[in-house]
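Working through the structure, step by step
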Amino acid sequence: MKILTDNSMESDMEDLTGRVPRHVAIIMDGNGRWAKKRGLPRAAGHRQGTENLRKIIRAAVEFDVKILTIYAFSTENWNRPRREVQLLMRILEMVIDRELAELNQEGVQIRHIGELDGIDSRVAKKVVQACETTAHNTRLILNVAFNYGGRDEIVHAVQNMMREGIAPEDVSEESISQHLYTGDLPDPDLVIRTSGEFRLSNFLIWQSAYAEHYYTDVLWPDFDRICFKAALDEFATRTRRFGKTDEQLETESE
Ligand code: FPP
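Residues numbered from 1 in each chain as written. Predicted model: local features only at pLDDT ≥ 70, side-chain atom pairs only at ≥ 80, totals over all residues. Heavy atoms only, no water.

In this structure the tally under the stated criterion is 11 aromatic pairs. Look at Y71 and F203: their rings are 4.3 Å apart centre to centre, the planes differ by 15°, and that puts the pair in the stacked class. Linking Y71 in strand β2 (residues 67–74) with F203 in the loop between β5 (190–193) and β6 (212–215), this pair joins segments that are 132 residues apart in sequence. The buried category is assigned to F203, whose relative accessible area is 0%. (Phe/Tyr/Trp six-rings, centres within 6.5 Å; stacked < 30°, edge-to-face > 60°. Helix = DSSP H or I, 4+ residues; strand = E, 2+ residues; numbered from the N terminus. Buried < 20%, exposed > 50% of the residue type's maximum accessible area, 1.4 Å probe, protein only.)

Take a look at the structure:
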(Lines give C-alpha, C1' and ligand atoms only; values in the text may rest on other atoms or scores of the structure.)
Protein backbone atom coordinates (compact mmCIF):
# COMPACT_ATOMS: atom_id res chain seq x y z
CA MET A 1 0.00 0.00 0.00
CA LYS A 2 1.44 3.37 -1.04
CA ILE A 3 0.55 6.26 1.18
CA LEU A 4 2.57 8.93 -0.59
CA THR A 5 0.48 11.30 -2.68
CA ASP A 6 0.70 11.42 -6.43
CA ASN A 7 0.88 14.68 -8.37
CA SER A 8 -2.47 14.26 -10.08
CA MET A 9 -4.10 14.91 -6.72
CA GLU A 10 -2.57 18.32 -6.18
CA SER A 11 -5.21 20.34 -8.03
CA ASP A 12 -8.12 19.59 -5.73
CA MET A 13 -5.90 19.93 -2.66
CA GLU A 14 -5.77 23.67 -3.23
CA ASP A 15 -9.27 24.38 -2.00
CA LEU A 16 -8.65 22.82 1.37
CA THR A 17 -8.52 26.20 3.03
CA GLY A 18 -5.95 25.49 5.67
CA ARG A 19 -8.68 24.39 8.06
CA VAL A 20 -7.84 20.75 7.88
CA PRO A 21 -9.07 18.84 10.92
CA ARG A 22 -6.09 17.65 12.87
CA HIS A 23 -7.94 14.62 14.21
CA VAL A 24 -10.63 12.80 12.21
CA ALA A 25 -12.60 9.91 13.67
CA ILE A 26 -14.61 7.61 11.41
CA ILE A 27 -17.47 5.21 12.10
CA MET A 28 -17.10 2.90 9.12
CA ASP A 29 -20.69 1.75 8.81
CA GLY A 30 -22.60 0.01 6.05
CA ASN A 31 -20.45 -2.95 5.02
CA GLY A 32 -23.34 -5.38 5.53
CA ARG A 33 -25.80 -3.31 3.50
CA TRP A 34 -23.25 -2.82 0.75
CA ALA A 35 -23.00 -6.61 0.43
CA LYS A 36 -26.75 -7.20 0.73
CA LYS A 37 -27.48 -4.74 -2.09
CA ARG A 38 -25.31 -6.91 -4.32
CA GLY A 39 -26.68 -10.23 -3.12
CA LEU A 40 -23.34 -11.03 -1.49
CA PRO A 41 -22.55 -12.41 1.97
CA ARG A 42 -21.73 -9.85 4.69
CA ALA A 43 -18.13 -11.04 4.60
CA ALA A 44 -17.79 -9.54 1.12
CA GLY A 45 -18.87 -6.20 2.53
CA HIS A 46 -16.24 -6.35 5.26
CA ARG A 47 -13.60 -7.27 2.69
CA GLN A 48 -14.57 -4.34 0.50
CA GLY A 49 -14.66 -2.11 3.58
CA THR A 50 -11.13 -3.19 4.38
CA GLU A 51 -9.96 -2.31 0.86
CA ASN A 52 -11.56 1.08 1.28
CA LEU A 53 -9.82 1.63 4.60
CA ARG A 54 -6.46 1.33 2.81
CA LYS A 55 -7.49 4.13 0.46
CA ILE A 56 -8.79 6.38 3.21
CA ILE A 57 -5.58 6.02 5.24
CA ARG A 58 -3.70 7.09 2.13
CA ALA A 59 -6.08 10.03 1.63
CA ALA A 60 -5.68 11.09 5.27
CA VAL A 61 -1.94 11.38 4.73
CA GLU A 62 -2.49 13.21 1.46
CA PHE A 63 -4.84 15.74 3.07
CA ASP A 64 -2.46 16.25 6.01
CA VAL A 65 -4.75 14.88 8.67
CA LYS A 66 -2.48 14.09 11.62
CA ILE A 67 -4.62 11.64 13.57
CA LEU A 68 -7.15 9.18 12.17
CA THR A 69 -9.24 7.10 14.55
CA ILE A 70 -11.28 4.28 13.05
CA TYR A 71 -14.04 2.28 14.71
CA ALA A 72 -13.33 -1.30 13.66
CA PHE A 73 -14.98 -3.38 16.40
CA SER A 74 -17.09 -2.15 19.29
CA THR A 75 -17.64 -3.78 22.66
CA GLU A 76 -21.23 -4.31 21.42
CA ASN A 77 -20.07 -6.13 18.27
CA TRP A 78 -19.47 -9.24 20.39
CA ASN A 79 -23.25 -9.71 20.07
CA ARG A 80 -22.91 -10.43 16.34
CA PRO A 81 -23.01 -14.04 15.08
CA ARG A 82 -19.88 -15.90 16.17
CA ARG A 83 -18.72 -16.38 12.59
CA GLU A 84 -18.84 -12.68 11.87
CA VAL A 85 -16.91 -11.89 15.07
CA GLN A 86 -14.26 -14.43 14.02
CA LEU A 87 -14.13 -12.88 10.58
CA LEU A 88 -13.52 -9.39 11.96
CA MET A 89 -10.70 -10.78 14.15
CA ARG A 90 -9.22 -12.45 11.08
CA ILE A 91 -9.48 -9.22 9.12
CA LEU A 92 -7.57 -7.35 11.83
CA GLU A 93 -4.84 -9.99 11.75
CA MET A 94 -4.73 -9.96 7.96
CA VAL A 95 -4.53 -6.17 7.80
CA ILE A 96 -1.53 -6.24 10.16
CA ASP A 97 0.17 -9.06 8.26
CA ARG A 98 -0.30 -7.47 4.86
CA GLU A 99 0.02 -3.76 5.57
CA LEU A 100 2.36 -3.32 8.51
CA ALA A 101 5.62 -3.04 6.58
CA GLU A 102 4.29 -0.48 4.16
CA LEU A 103 2.42 1.54 6.78
CA ASN A 104 5.62 1.63 8.80
CA GLN A 105 7.64 2.72 5.79
CA GLU A 106 5.19 5.52 5.10
CA GLY A 107 5.44 6.88 8.63
CA VAL A 108 2.13 5.72 10.06
CA GLN A 109 2.10 5.14 13.79
CA ILE A 110 -0.41 2.44 14.65
CA ARG A 111 -2.09 2.55 18.02
CA HIS A 112 -4.77 0.37 19.49
CA ILE A 113 -7.56 1.84 21.56
CA GLY A 114 -9.86 -0.49 23.47
CA GLU A 115 -9.31 -3.60 25.52
CA LEU A 116 -6.88 -6.27 24.39
CA ASP A 117 -8.45 -8.65 26.90
CA GLY A 118 -10.99 -10.73 25.05
CA ILE A 119 -9.26 -10.49 21.69
CA ASP A 120 -7.80 -13.77 20.48
CA SER A 121 -4.32 -13.92 22.04
CA ARG A 122 -2.50 -14.47 18.74
CA VAL A 123 -4.20 -11.44 17.22
CA ALA A 124 -3.64 -9.38 20.38
CA LYS A 125 0.07 -10.16 20.20
CA LYS A 126 0.21 -8.94 16.61
CA VAL A 127 -1.59 -5.75 17.58
CA VAL A 128 0.99 -5.06 20.28
CA GLN A 129 3.84 -5.83 17.86
CA ALA A 130 2.37 -3.51 15.22
CA CYS A 131 2.13 -0.70 17.78
CA GLU A 132 5.69 -1.27 18.95
CA THR A 133 7.11 -1.48 15.43
CA THR A 134 5.55 1.82 14.37
CA ALA A 135 5.82 3.73 17.65
CA HIS A 136 8.52 6.07 16.32
CA ASN A 137 6.50 7.21 13.28
CA THR A 138 5.05 10.71 13.17
CA ARG A 139 3.38 11.25 9.82
CA LEU A 140 -0.05 9.95 10.78
CA ILE A 141 -1.28 8.44 14.02
CA LEU A 142 -3.76 5.70 13.20
CA ASN A 143 -5.85 4.74 16.21
CA VAL A 144 -7.57 1.43 15.62
CA ALA A 145 -10.55 1.15 17.94
CA PHE A 146 -11.00 -2.59 18.33
CA ASN A 147 -12.95 -4.05 21.23
CA TYR A 148 -13.59 -0.42 22.07
CA GLY A 149 -16.52 1.19 23.86
CA GLY A 150 -16.68 4.78 25.03
CA ARG A 151 -18.43 4.00 28.31
CA ASP A 152 -16.06 1.12 28.95
CA GLU A 153 -13.15 3.50 28.33
CA ILE A 154 -14.47 5.94 30.93
CA VAL A 155 -14.97 3.12 33.45
CA HIS A 156 -11.35 2.05 32.96
CA ALA A 157 -10.14 5.62 33.26
CA VAL A 158 -11.97 6.09 36.58
CA GLN A 159 -10.69 2.74 37.86
CA ASN A 160 -7.13 3.71 37.00
CA MET A 161 -7.49 7.10 38.65
CA MET A 162 -8.74 5.45 41.83
CA ARG A 163 -5.89 2.94 41.76
CA GLU A 164 -3.46 5.84 41.47
CA GLY A 165 -5.07 7.37 44.54
CA ILE A 166 -6.08 10.61 42.82
CA ALA A 167 -7.90 12.79 45.34
CA PRO A 168 -11.50 13.83 44.52
CA GLU A 169 -10.49 17.49 44.32
CA ASP A 170 -7.90 16.56 41.68
CA VAL A 171 -10.49 14.93 39.44
CA SER A 172 -11.00 17.31 36.54
CA GLU A 173 -11.98 17.19 32.89
CA GLU A 174 -8.29 17.31 32.09
CA SER A 175 -7.32 14.46 34.41
CA ILE A 176 -10.14 12.29 33.08
CA SER A 177 -9.10 13.05 29.48
CA GLN A 178 -5.53 12.09 30.31
CA HIS A 179 -6.65 8.70 31.59
CA LEU A 180 -8.53 7.76 28.44
CA TYR A 181 -6.89 5.61 25.76
CA THR A 182 -6.36 8.80 23.78
CA GLY A 183 -4.83 10.55 26.81
CA ASP A 184 -1.93 12.23 25.03
CA LEU A 185 -3.85 13.18 21.90
CA PRO A 186 -6.07 16.14 21.02
CA ASP A 187 -9.79 15.46 20.81
CA PRO A 188 -11.27 14.67 17.40
CA ASP A 189 -12.19 17.76 15.39
CA LEU A 190 -14.42 15.86 13.00
CA VAL A 191 -16.44 12.68 13.42
CA ILE A 192 -17.65 11.06 10.20
CA ARG A 193 -20.29 8.34 10.05
CA THR A 194 -21.19 6.61 6.83
CA SER A 195 -24.37 4.76 5.80
CA GLY A 196 -27.06 7.20 6.89
CA GLU A 197 -27.17 6.46 10.62
CA PHE A 198 -27.19 9.45 12.97
CA ARG A 199 -25.59 8.27 16.18
CA LEU A 200 -22.25 7.89 17.91
CA SER A 201 -22.76 4.26 18.97
CA ASN A 202 -20.52 4.60 22.01
CA PHE A 203 -17.58 5.94 19.97
CA LEU A 204 -15.30 8.53 21.62
CA ILE A 205 -18.26 9.83 23.61
CA TRP A 206 -16.10 11.91 25.96
CA GLN A 207 -13.59 13.11 23.38
CA SER A 208 -16.15 14.16 20.77
CA ALA A 209 -18.02 16.58 23.01
CA TYR A 210 -16.98 19.49 20.78
CA ALA A 211 -16.32 17.66 17.53
CA GLU A 212 -18.05 18.60 14.33
CA HIS A 213 -20.19 15.78 12.96
CA TYR A 214 -20.54 14.72 9.36
CA TYR A 215 -23.11 12.14 8.33
CA THR A 216 -23.47 10.73 4.85
CA ASP A 217 -25.73 8.12 3.24
CA VAL A 218 -22.75 6.64 1.39
CA LEU A 219 -21.97 3.12 2.59
CA TRP A 220 -18.45 2.64 3.94
CA PRO A 221 -17.09 0.52 1.04
CA ASP A 222 -18.15 3.33 -1.35
CA PHE A 223 -16.83 6.19 0.82
CA ASP A 224 -13.89 7.06 -1.40
CA ARG A 225 -11.27 9.78 -1.44
CA ILE A 226 -13.70 12.27 -3.06
CA CYS A 227 -16.29 11.61 -0.33
CA PHE A 228 -13.60 12.06 2.31
CA LYS A 229 -12.51 15.33 0.72
CA ALA A 230 -16.15 16.51 0.72
CA ALA A 231 -16.31 15.86 4.47
CA LEU A 232 -13.11 17.85 5.03
CA ASP A 233 -14.41 20.69 2.84
CA GLU A 234 -17.64 20.76 4.83
CA PHE A 235 -15.61 20.90 8.03
CA ALA A 236 -13.70 23.89 6.68
CA THR A 237 -16.98 25.83 6.41
CA ARG A 238 -18.06 25.19 10.00
CA THR A 239 -17.68 27.81 12.71
CA ARG A 240 -16.53 26.23 15.94
CA ARG A 241 -17.65 28.42 18.81
CA PHE A 242 -16.79 26.18 21.79
CA GLY A 243 -19.59 27.87 23.73
CA LYS A 244 -18.57 31.42 22.78
CA THR A 245 -20.46 34.01 20.73
CA ASP A 246 -19.62 35.03 17.16
CA GLU A 247 -18.64 38.49 18.46
CA GLN A 248 -16.13 36.99 20.88
CA LEU A 249 -14.62 34.87 18.11
CA GLU A 250 -14.31 37.93 15.87
CA THR A 251 -12.55 39.91 18.60
CA GLU A 252 -10.16 37.02 19.26
CA SER A 253 -9.21 36.71 15.60
CA GLU A 254 -8.40 40.47 15.26
C1 FPP B 1 -20.02 -1.69 10.30
O2 FPP B 1 -20.73 -2.13 9.18
C3 FPP B 1 -18.67 -2.13 10.21
C4 FPP B 1 -18.03 -2.91 11.13
C5 FPP B 1 -18.64 -3.40 12.35
C6 FPP B 1 -16.66 -3.32 10.92
C7 FPP B 1 -15.80 -2.32 10.25
C8 FPP B 1 -14.66 -3.04 9.66
C9 FPP B 1 -14.03 -2.73 8.54
C10 FPP B 1 -14.31 -1.57 7.69
C11 FPP B 1 -12.94 -3.56 8.07
C12 FPP B 1 -11.60 -3.13 8.60
C13 FPP B 1 -11.44 -3.82 9.86
C14 FPP B 1 -10.36 -3.83 10.65
C15 FPP B 1 -10.40 -4.76 11.77
C16 FPP B 1 -9.16 -3.00 10.48
P17 FPP B 1 -21.93 -3.15 9.41
O18 FPP B 1 -21.41 -4.51 9.28
O19 FPP B 1 -22.59 -2.85 10.71
O20 FPP B 1 -22.85 -2.77 8.22
P21 FPP B 1 -24.46 -2.79 8.21
O22 FPP B 1 -24.90 -1.80 9.25
O23 FPP B 1 -24.78 -2.34 6.83
O24 FPP B 1 -24.88 -4.19 8.51
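Bringing the site of the ligand into the picture now. The ligand sits among 19 residues. The nearest are M28, G32, R33, R42 and R80. In this structure, an oxygen atom belonging to the ligand sits 2.7 Å away from a side-chain N or O atom of R80. Out of a free accessible area of 620 Å², the ligand has 91% covered by protein chains. Contributions of two or more residues to the shell around the ligand are made by α1 (31–37), α2 (42–62) and α3 (82–105). (Near = heavy atom within 4 Å. Polar contact = N/O pair within 3.5 Å; in protein donor to acceptor, adjacent residues only side chain to side chain. Areas by Shrake-Rupley, 256 points an atom, 1.4 Å probe, with all protein chains shown as cover.)

Moving on to the pairing of strand β1 (residues 23–27). With five of its five residues buried, β1 lies for the most part within the structure. Alternating residues of β1 divide into H23, A25 and I27 and V24 and I26, and every residue in both groups is buried. Both β1 and β2 contribute to a ladder of five bridges, which runs parallel. Each residue of the ladder has a partner; that of I27, found in β2, is Y71. Of the pairings in the sheet, the one linking β1 to β5 comprises four bridges and is parallel in character. Bridging from a neighbouring strand, I26 pairs with I192 of β5. (Pairing = 2+ DSSP bridges.)

As summarised here, the arrangement of the six strands in space is β3-β4-β2-β1-β5-β6, forming an open sheet in which the pairing is parallel. The open sheet is flanked by β3 (108–113) and β6, the only strands paired with a single partner. The average angle at which neighbouring strand axes cross in this sheet is 20°, direction not considered. (Axes fitted to C-alpha atoms, helices over the stretch in contact; angles between N-to-C directions.)

Bringing the packing of α2 against α3 into the picture now. Where α2 meets α3, the axes come as close as 11 Å, and the angle between the chain directions of the two elements is 30°. The angle between α2 and α3 falls in the class roughly parallel. Regarding α2 and α3, the two cross each other, and that crossing is right-handed. Contact residues: R42, A43, H46, T50, R54 and I57 in α2; E84, L87, L88, I91, M94, V95, E99 and L103 in α3. Among the residues making up the contact of α2 with α3, the classes are represented as eight nonpolar, two polar and four charged. (Parallel < 35°, antiparallel > 145°, perpendicular 65-115°, else oblique. Left-handed = near helix turned anticlockwise from the far one by under 90°. Contact = heavy atoms within 4.5 Å. Nonpolar A, V, L, I, M, F, W, Y, C, P; charged D, E, K, R; others polar.)

The subject of this paragraph is the side chain of R240. By secondary structure assignment, the location of R240 is in the loop between α7 (225–237) and α8 (246–253). Overall, the relative accessible area of 17% leaves R240 in the buried class. Within polar-contact distance, the side chain of R240 engages the side chain of D189 at 3.0 Å. Aside from chain neighbours lying at most four places away, what touches R240 is R19, P188, D189, Y210, A211, E212, F235 and L249.

This paragraph deals with unusual backbone geometry. For N147, which is not glycine, the phi dihedral falls at a positive 60°. With respect to the helices, strands and loops of the structure, N147 is situated in strand β4 (residues 140–148). One non-glycine residue, L204, lies in positive phi territory at about 45°. With respect to the helices, strands and loops of the structure, L204 is situated in the loop between β5 and β6. Looking at L204, the relative accessible area reads 1%, which means it is buried.

Ranked by size, the top nonpolar core spans 45 residues in total, and within it V24, I26, L68, L140, I192 and F228 carry the most contacts. The dominant element in this core, judged by the number of residues it contributes, is α3, at nine residues. Setting aside residues no more than four positions away along its own chain, F228 makes contact with V24, I26, I56, A59, A60, F63, V65, I192 and F223. Ranked by size, the runner-up nonpolar core spans 10 residues in total, among them A25, I27, I113 and F203. (Core = buried A, V, L, I, M, F, W, Y, C linked by side-chain atoms within 4.5 Å.)

Read these as spatial facts, not as claims about activity.
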